[in-house]
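Geometric and topological summary
Now for the letters of each chain:
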Amino acid sequence: MTTVTPEPTDQPIPTQVLDGAVEAYPRDRLYVMTAVFLAVVTVVEIATYVWPDLPVWSWGGDTNAGIITVLLLLMAVKFFTVAYIFMHLRFDKPLLSRVFYMGLVLAVGVYLMVLFAFRLFWEGGHESGPQGVPFPSAGPQGPPAG
Amino acid sequence: MAEAIAHHRELMAERDAHAEHAHIEHDTNTGISNTKLAMWLFLGSECLLFGGLITTYLLYKNPLEGPTPEEIFDIPFTSTSSFVLLMSSLTMVLAVSAIERGDHHRLRVWLTATALLGGTFIAGQVYEFTVFYNEGLGFTTSRFSSAFYTLTGFHGVHVTVGIIMLVSLILLSLRGHLPEHRSETVEIVGLYWHFVDVVWILIFAVVYLIP
């Protein structure tokens, strides 16, 4: 086991001595480049709203499948970039990644099943709700079956 | 003292040379500090909380009455807010980096910048909520409004808690109670802050941008 940070002591190096002692820190450059990358990805996300007719993401037609696919991909890229670099999963022990992704996979799995159960991905799923299960705002009788 | 600084530099250089595997070893079964492990477990559970809120929003996003999302959302304004929160993640990670190398002055500068950026985001959210309310979108106006305010409101509360933690760190640092061997305290607050940013990445795409 290699300890790679200063040994904890009751009498640390005085702040005024160490302040600014190490001017450059190589990992800072990685952080800044990561932030630039995230900013660029965000600009592309916003571009899907400003120019929805660009051929890159307009292939879904009225279903907006292209825009939705591109946005979900960019969202995933940003999510994992922040987790991997800024949250130090790249540098930390794999156990922490497992703990975090366990919660994430559980959440995505459970809630995808909920969305399927409520037929969100069926045409008109938003308006009518699941068959026989009224949305709370649909009134005491719920929407007509079928 | 010069020897101590030189030793510190050597340790930092060694850690960067082994960056792929760099971590602090702790005297626990996992080799990870219990506090850090607890924070990651907490964040894993937070995935379930926000997953539930986002799912509820997706189910109720088409209002049966009242204004629709398309009518009321101001995408350029929210994009600016999102960018502000994204950049606060950079200042946060630079604060962690600063304390790891014992640069307390920059630690305070970056922590203050992060808190200010977070405060700007919250101010933007308060402004957005006020505009929506004046345009007729109250909390109980429709199923969409209830789901929207609950989701974004919960996120706003998380950001506010994060700002309180950041201010606490700044005060601790000013009083000299945050030496570099306690850098993990800043790192753990940073984990929370980055998670709040990550959740907004999801909310921004799912709630505001996806048609």
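Residues numbered from 1 in each chain as written. Chains lettered and ligands numbered in written order. Predicted model: local features only at pLDDT ≥ 70, side-chain atom pairs only at ≥ 80, totals over all residues. Heavy atoms only, no water.

Turning our eyes to something else, we now look at the overall build of chain B. Secondary structure summary: chain B contains seven helices and zero strands in total. Listed by position from the N terminus, the elements making up chain B come as α-α-α-α-α-α-α. Buried positions account for 58% of the 211 residues belonging to chain B. At a minimum sequence separation of 6, the contacts of chain B that also span at least 24 residues come to 78%. Of the accessible surface of chain B, which amounts to about 8,400 Å², a share of 64% is contributed by carbon and sulfur atoms. (Helix = DSSP H or I, 4+ residues; strand = E, 2+ residues; numbered from the N terminus. Buried < 20%, exposed > 50% of the residue type's maximum accessible area, 1.4 Å probe, protein only. Contact = heavy atoms within 4.5 Å. Areas by Shrake-Rupley, 256 points an atom, 1.4 Å probe, with all protein chains shown as cover.)

Each helix and strand in chain A was counted, giving five helices and zero strands. Listing every helix and strand of chain A by position from the N terminus yields α-α-α-α-α. Among the 146 residues that make up chain A, the fraction classed as buried is 38%. Sequence separation of at least 24 residues holds for 39% of the intrachain contacts in chain A that already meet a minimum separation of 6. Per element, the accessible surface of chain A, about 8,500 Å² overall, is 67% carbon and sulfur.

Moving on to a nonpolar patch on the surface. All names here are of chain A. On the surface, a cluster of nonpolar side chains totalling about 500 Å² of accessible area is made up of Tyr49, Val50, Trp51, Leu54 and Val56. Within the element layout of this structure, Leu54 appears in the loop between helix 2 (26-50) and helix 3 (65-86). Owing to a relative accessible area of 34%, Leu54 belongs among the partly exposed residues under this scheme. (Patch = residues over 30% accessible without salt bridge, like charges linked within 9 Å, V, L, I, M, F, W, Y side chains within 5 Å. Salt bridge = Lys/Arg side-chain N within 4 Å of Asp/Glu carboxyl O.)

The next point concerns the domain arrangement of chain A. Frequently, the measure chosen for interface size is the accessible area removed from exposure when the parts meet. All names here are of chain A. Here chain A is partitioned into domain 1 (18-92) and domain 2 (94-146). Contact with domain 1, which involves five residues of that partner, is made by six residues of domain 2. Across the domain 1 to domain 2 interface the summed buried area is about 540 Å²; carbon plus sulfur atoms make up 77%. For domain 1, the biggest contributors to the area lost against domain 2 are Phe79, Leu89 and Asp92; these three give 71% of the whole. Tallied by class, the residues present in the side of domain 1 that touches domain 2 amount to four nonpolar, no polar and one charged. (Domains from an automatic or database assignment. Buried area = accessible area lost by both parts, 1.4 Å probe. Nonpolar A, V, L, I, M, F, W, Y, C, P; charged D, E, K, R; others polar.)

The next point concerns the packing of helix 3 of chain A against helix 7 (residues 183-209) of chain B. Two numbers describe how helix 3 of chain A lies on helix 7 of chain B: the axes approach to 10 Å, and their chain directions differ by 175°. Viewed along their axes, helix 3 of chain A and helix 7 of chain B adopt a mutual orientation that is roughly antiparallel. For the pair helix 3 of chain A and helix 7 of chain B, the contacting residues are Leu71, Met75, Lys78, Phe79, Val82 and Phe86 of chain A in the first and His194, Asp197, Val198, Ile201, Leu202, Ala205, Val206 and Leu209 of chain B in the second. Of the residues belonging to the contact of helix 3 of chain A with helix 7 of chain B, the class tally is 11 nonpolar, one polar and two charged. (Axes fitted to C-alpha atoms, helices over the stretch in contact; angles between N-to-C directions. Parallel < 35°, antiparallel > 145°, perpendicular 65-115°, else oblique.)

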